[in-house]
Amino acid sequence: SPVVHERFIRQYGRNMCIQGLHPGDRRLLPLDPVTLGHVMKHPEQYEKPEISREIITRFIGLGMLSAEGAVHRRQRRVAAPAFGVQNLRALVPLVFGLSEQMKDRWLSLATEAEATHKERGVVLDIVNWMSRATFDVIGLAGFDYHFNAIQHEKDELFVAYRDMFEIGVAQSQRSRSLIKVIFPFLNWLFVCLS
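Residues numbered from 1 in each chain as written. Predicted model: local features only at pLDDT ≥ 70, side-chain atom pairs only at ≥ 80, totals over all residues. Heavy atoms only, no water.

Enquirer: Where do I start with the overall build of the protein in this structure?
Expert: Assigned secondary structure in the protein consists of nine helices and two strands. Its helices and strands taken in sequence order, the protein reads α-β-β-α-α-α-α-α-α-α-α from the N to the C terminus. Per-residue burial for the protein yields a buried fraction of 20% across its 194 residues. Long-range contacts, defined as pairs at least 24 residues apart, comprise 31% of the intrachain contacts of the protein with a sequence gap of at least 6. Per element, the accessible surface of the protein, about 14300 Å² overall, is 62% carbon and sulfur. (Helix = DSSP H or I, 4+ residues; strand = E, 2+ residues; numbered from the N terminus. Buried < 20%, exposed > 50% of the residue type's maximum accessible area, 1.4 Å probe, protein only. Contact = heavy atoms within 4.5 Å. Areas by Shrake-Rupley, 256 points an atom, 1.4 Å probe, with all protein chains shown as cover.)

This is how it looks when you write it as structure tokens:
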């Protein structure tokens with residue numbers, strides 16, 4: 001959490017090594033942009049902890065976020081052309097347009113709240129709204145499909161995507177899931193007892 005990170009920075013500085021869940025699990029926690037940039041440019045030297053990779057893989061599959069080594073290099077090489085400067089420049093008008101739509105939607109929600117509650121302002125779940133906007137960007141940029149998630153949450157594919165992640169988050173928060181990742185041999189025990 002930001003509070004913990006602030007406390008760590010005050011106590012240890014902007015880069016630290018922390019102990020993970022078991023004796024061999026030491027982790028680098030870079031909070032300095034220059035160090036973070038170095039780590040991101042050299043993924044072969046700074047692999048994600050096995051537990052983190054396992055959790056990510058169970059949640060969204062083996063992809064660029066969880067892969068390491070040759071698999072990660074191959075995936076980056078395949079995806080790199082899509083993130084070239086020319087392609088990203090072409091997306092700027094799309095992102096700005098969707099940002100304007102989101103701003104307009106927020107303003108309309110605030111106006112509706114004022115009209116119905118006779119009070120100023122409205123509470124917005126920013127994480128939810130950013131997820132909706134990201135989904136719209138991916139839909140238009142990657143598939144030329146309008147999910148209109150910013151305007152409403154009625155698109156069948158968007159609802160399925162949202163529900164999938166809500167279920168995944170709920171399952172990953174269960175202690176049993178975490179125990180199975182930390183102690184894989186217990187997975188066998190859970191299967192036998194079920």
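Enquirer: What exactly am I supposed to notice about the environment of His72 here?
Expert: Position of His72 relative to the elements: it lies in helix H4 (residues 69-79). Using a relative accessible area of 11% as the deciding quantity, one classes His72 as buried. C-alpha of His72 to C-alpha of Pro43: the two residues are 29 residues apart in sequence and 8.9 Å apart in space.

Enquirer: What should I look at first to understand the pattern of salt bridges in this one?
Expert: Pairs can form between side chains of opposite charge whenever their charged atoms are close. By the definition in use, this model includes five salt bridges. Two residues, Glu153 and Arg132, come together in a salt bridge whose shortest N-O distance is 3.6 Å. In this pair, Glu153 is assigned in the loop between helix H6 (126-143) and helix H7 (156-172) and Arg132 in helix H6, connecting sequence segments 21 residues apart. Each of Glu100, Lys103 and Asp104 takes part in a single network of salt bridges with overlapping partners. (Salt bridge = Lys/Arg side-chain N within 4 Å of Asp/Glu carboxyl O.)

Enquirer: What is the right way to read the packing of helix H5 (residues 85-117) against H6 from this model?
Expert: The relative placement of two packed helices is expressed as an angle between their axes plus a distance between the axes. It is at 10 Å that the axes of H5 and H6 come closest, and there the two elements cross at 145°. The way H5 lies across H6 gives a crossing that is right-handed. Seen from H5, the contacting residues are Leu91, Leu94, Val95, Leu98, Met102, Arg105, Trp106 and Leu109; seen from H6, they are Ile126, Trp129, Met130, Ala133, Asp136, Val137, Leu140 and Ala141. Considering only residue class, the contact of H5 with H6 consists of 14 nonpolar, no polar and two charged. (Axes fitted to C-alpha atoms, helices over the stretch in contact; angles between N-to-C directions. Left-handed = near helix turned anticlockwise from the far one by under 90°. Nonpolar A, V, L, I, M, F, W, Y, C, P; charged D, E, K, R; others polar.)

Enquirer: It is not clear to me how the packing of aromatic side chains should be interpreted in this structure. Could you clarify?
Expert: Pairs of aromatic rings are described using the distance from one ring centre to the other and the angle between the two planes. Across all of its chains, the model carries five aromatic pairs by this definition. On the numbers, 6.3 Å between centres and 85° between planes, the contact of Trp106 with Trp129 is edge-to-face. Taken together, the residues Trp106 in helix H5 and Trp129 in helix H6 connect sequence positions 23 residues apart. A network of ring pairs unites the aromatic residues Phe135, Tyr145, Phe147 and Phe158 as a single cluster. Of note, Arg132 hangs over the ring of Trp129, and the distance from its end group to the ring centre comes to 4.1 Å. (Phe/Tyr/Trp six-rings, centres within 6.5 Å; stacked < 30°, edge-to-face > 60°. Lys NZ or Arg CZ within 6 Å of the ring centre and 35° of its normal.)

None of the figures reported here should be taken as evidence of function without further support.
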